[in-house]
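As a plain string of letters, each chain reads:
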Amino acid sequence: MLTSSWQAEVPAVLAGTIQYGEAVTLADDLSAEGEPEREFNPGIAQRLPRKRVAGGALIRDRAGRILFVVPGYKPFLDIPGGIADADESPLAACRREIQEEIGLDLPVSRLLVVDWMPAHGVWLDGLMFIFDGGQLDDDQAQALKPTDDELTGLRFLRYEEAVPHLRPSMARRVQSALDALTDGQPRYAEFGRS
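Residues numbered from 1 in each chain as written. Predicted model: local features only at pLDDT ≥ 70, side-chain atom pairs only at ≥ 80, totals over all residues. Heavy atoms only, no water.

Remarks on the overall build of the protein
Operational definition: Secondary structure elements are defined from DSSP: runs of H or I of at least 4 residues count as helices, runs of E of at least 2 residues count as strands, and each element is numbered from the N terminus. The buried label goes to any residue with under 20% of its type's maximum accessible area, the exposed label to any with over 50%, and the partly exposed label to all in between, with areas taken from a 1.4 Å probe on protein chains only. Whether two residues are in contact is decided by their heavy atoms, any of which lying within 4.5 Å being enough. Only the protein chains shown count as covering a residue, and every accessible area follows the Shrake-Rupley method with a 1.4 Å probe.
Counting its secondary structure elements, the protein contains six helices and nine strands. The buried share of the protein, reckoned over its 194 residues, is 40%. Counting only contacts in the protein whose residues sit at least 6 apart along the sequence, the fraction spanning at least 24 positions is 59%. Summed over all atoms, the accessible surface of the protein reaches about 11800 Å², with 53% contributed by carbon and sulfur.

See below:
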């Protein structure tokens, strides 16, 4: 099942029936790709490692403060977003989780950070994506409330105020996202270090 909110414009060279400028879906792109590649070693696809993937958004108010969610299941703040479902892109997961957590349908799109996280305890290694969630106007920011039972609150904080309430790797990841916002250059990080 394709759950991604994929929509793109493709150049004519990709498929004879799809012309540049046409809106296409992920299903269209998969169809144009043709038959999947056969396994060179039967069963290998099921034996390959899998990674956790998540998408979050850096959402700000007009004062430049960052929106953090207060999860009820862990002692640290987080940014809005979450783990991608099977066959869901990190961007689609981010948009879905924002809708679930704070009830907003934001035009999240620009990639700020891709951060590889090592395995830690019961958690497998993974790739964490942070996208630009934009700036809320005063009315949107004031009306915000959690719309997910997993959250006990929301807080707008300046980065420096938030750091003591974040895991160190998340603090580094958010700083990388802020740097990417400033200079327009997406970052690759490993455990928050870019």
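Some thoughts on the pairing of strand β7 (residues 126–135)
Our working rule: Any two strands are treated as partners once DSSP identifies two or more bridges connecting them.
Counted residue by residue, β7 has seven buried out of ten residues, so it is predominantly covered. Sheet topology note: the strand β3 (residues 52–60)/β7 ladder contains nine bridges and is parallel. Along β7, the bridge assignment pairs R52 with G126.

Describing the nonpolar core
Side chains of a nonpolar character, in soluble globular proteins, are inclined to be buried together. Heads up, the rule is: Each nonpolar core is a collection of buried residues, namely Ala, Val, Leu, Ile, Met, Phe, Trp, Tyr and Cys, held together in the definition by side-chain atoms within 4.5 Å.
In this structure, L58, I66, F68, L112, I130, L166 and V174 are the most contacted members of the largest nonpolar core, which totals 18 residues. Contributing elements (two or more residues each) for this core: β4 (66–71), β6 (111–117), α5 (159–162) and α6 (168–183). Residue contributions to this core peak at six residues, all from α6. Each residue touching L166, except ones within four places of it in the same chain, is listed here: F68, F76, L77 and A171. Within the second largest apolar cluster, 16 residues are counted, among which are I59, C94, I98 and V108.

Some points on a nonpolar patch on the surface
For clarity, the threshold we go by: Distance thresholds for patches are 9 Å for like charges and 5 Å for nonpolar side chains (Val, Leu, Ile, Met, Phe, Trp, Tyr), applied to residues having over 30% relative accessible area and no salt bridge. Salt bridges are defined as contacts in which a side-chain nitrogen from Lys or Arg sits within 4 Å of a carboxyl oxygen from Asp or Glu.
Taken together, I83, V122 and W123 make up a surface patch of nonpolar side chains, about 360 Å² in accessible area. As for its position among the elements, W123 is in the loop between β6 and β7.

Things to note about the pattern of salt bridges
Per the counting criterion, the structure on display carries eleven salt bridges. Where R96 meets E100, a salt bridge forms, and the shortest distance between an N and an O atom there is 3.3 Å. Remark: E100 and R96 occur in helix α3 (residues 90–102); sequence separation between them is four residues, near one turn of the helix. A salt bridge links R187 to D183; the shortest N-O distance between them is 2.8 Å.

Points about the side chain of R172
Put simply, the rule is: Counted as positive: Lys and Arg. Counted as negative: Asp and Glu, with His and the chain ends omitted from the count.
Of note, R172 is situated in helix α6. Salt bridges are absent for the buried R172, whose nearest opposite-charge side chain, D115, sits at 7.0 Å. Setting aside residues up to four positions removed in sequence, R172 forms contacts with Y159, F191, G192 and R193.

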